[in-house]
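These are the residues of each chain, in order.
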Amino acid sequence: DVGVKALSKLKRLTTLDLKLSQITDDGVSSLCSLTALTSMNLYYCDNVTNNAVIALSSMTGLLELNLQGCWQINDAGLRS
């Protein structure tokens, strides 16, 4: 998550592919300040849970979000 937190300084970043990474909910939360981000790929990020989805819900500019294989996310997280 240390490397991911450094990405939060890239305010003009629009696309972020983190597939198969070890990112956690804390790392995902640190990216919520990226207001230009429109696409994020979290494909098979095993450490991502409903808490990350709740944090991402504040990102109103996020148009594409891939959560395939994030087995810790369930319907309750997606409703948030």
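Residues numbered from 1 in each chain as written. Predicted model: local features only at pLDDT ≥ 70, side-chain atom pairs only at ≥ 80, totals over all residues. Heavy atoms only, no water.

Trainee: Please provide a residue-by-residue account of the overall build of the protein chain, values included.
Mentor: Broken down by element type, the protein chain carries four helices and three strands. Taken over the C-alpha trace, the protein chain has a radius of gyration of 11 Å; the compact-globule value for 80 residues is 12 Å, and the two agree within 12%. In terms of overall dimensions, the protein chain has a C-alpha envelope of 30 × 25 × 15 Å along the principal axes. In the protein chain, which comprises 80 residues, the share counted as buried stands at 40%. Across the protein chain, contacts joining residues at least 24 apart in sequence account for 57% of those joining residues at least 6 apart. Charged side chains in the protein chain number 6 positive and 7 negative. The centres of these two groups are separated by 11 Å. (Helix = DSSP H or I, 4+ residues; strand = E, 2+ residues; numbered from the N terminus. Rg over C-alpha atoms; globule rule 2.2 N^0.38 Å. Buried < 20%, exposed > 50% of the residue type's maximum accessible area, 1.4 Å probe, protein only. Contact = heavy atoms within 4.5 Å. Lys, Arg positive; Asp, Glu negative; His and termini not counted. Charge placed at Lys NZ, Arg CZ, Asp CG, Glu CD.)

Trainee: Could you give me a rundown of the pattern of salt bridges, with the residues and numbers involved?
Mentor: Using the criterion set out here, one finds one salt bridge in the structure. Between Asp17 and Lys19 there is a salt bridge, with its nearest N and O atoms 3.5 Å apart. Taking relative accessible area as the criterion, Asp17 reaches 44% and is therefore assigned partly exposed. (Salt bridge = Lys/Arg side-chain N within 4 Å of Asp/Glu carboxyl O.)

Trainee: Got a sec to walk through the side chain of Ser8? Specific residues and values, please.
Mentor: Secondary-structure assignment places Ser8 in the loop between helix H1 (2–7) and strand E1 (15–17). Sequence-distant contacts of Ser8, that is, excluding residues within four places in its chain, are made with Ser30, Leu31, Ser33 and Leu34.

Trainee: Before we move on, could you go through unusual backbone geometry and cite the residues and values that matter?
Mentor: The phi dihedral of Leu20 is positive, around 60°, even though this residue is not glycine. The residue Leu20 is located in the loop between E1 and helix H2 (25–30) in this model. Here Leu20 falls in the exposed class, since its relative accessible area comes to 57%. Residues other than glycine seldom take positive phi values, yet Tyr44 does so here, at roughly 55°. Considering the arrangement of structural elements, one finds Tyr44 in the loop between strand E2 (39–41) and helix H3 (50–56). Under the relative-accessibility criterion, Tyr44 is labelled partly exposed at 38%.

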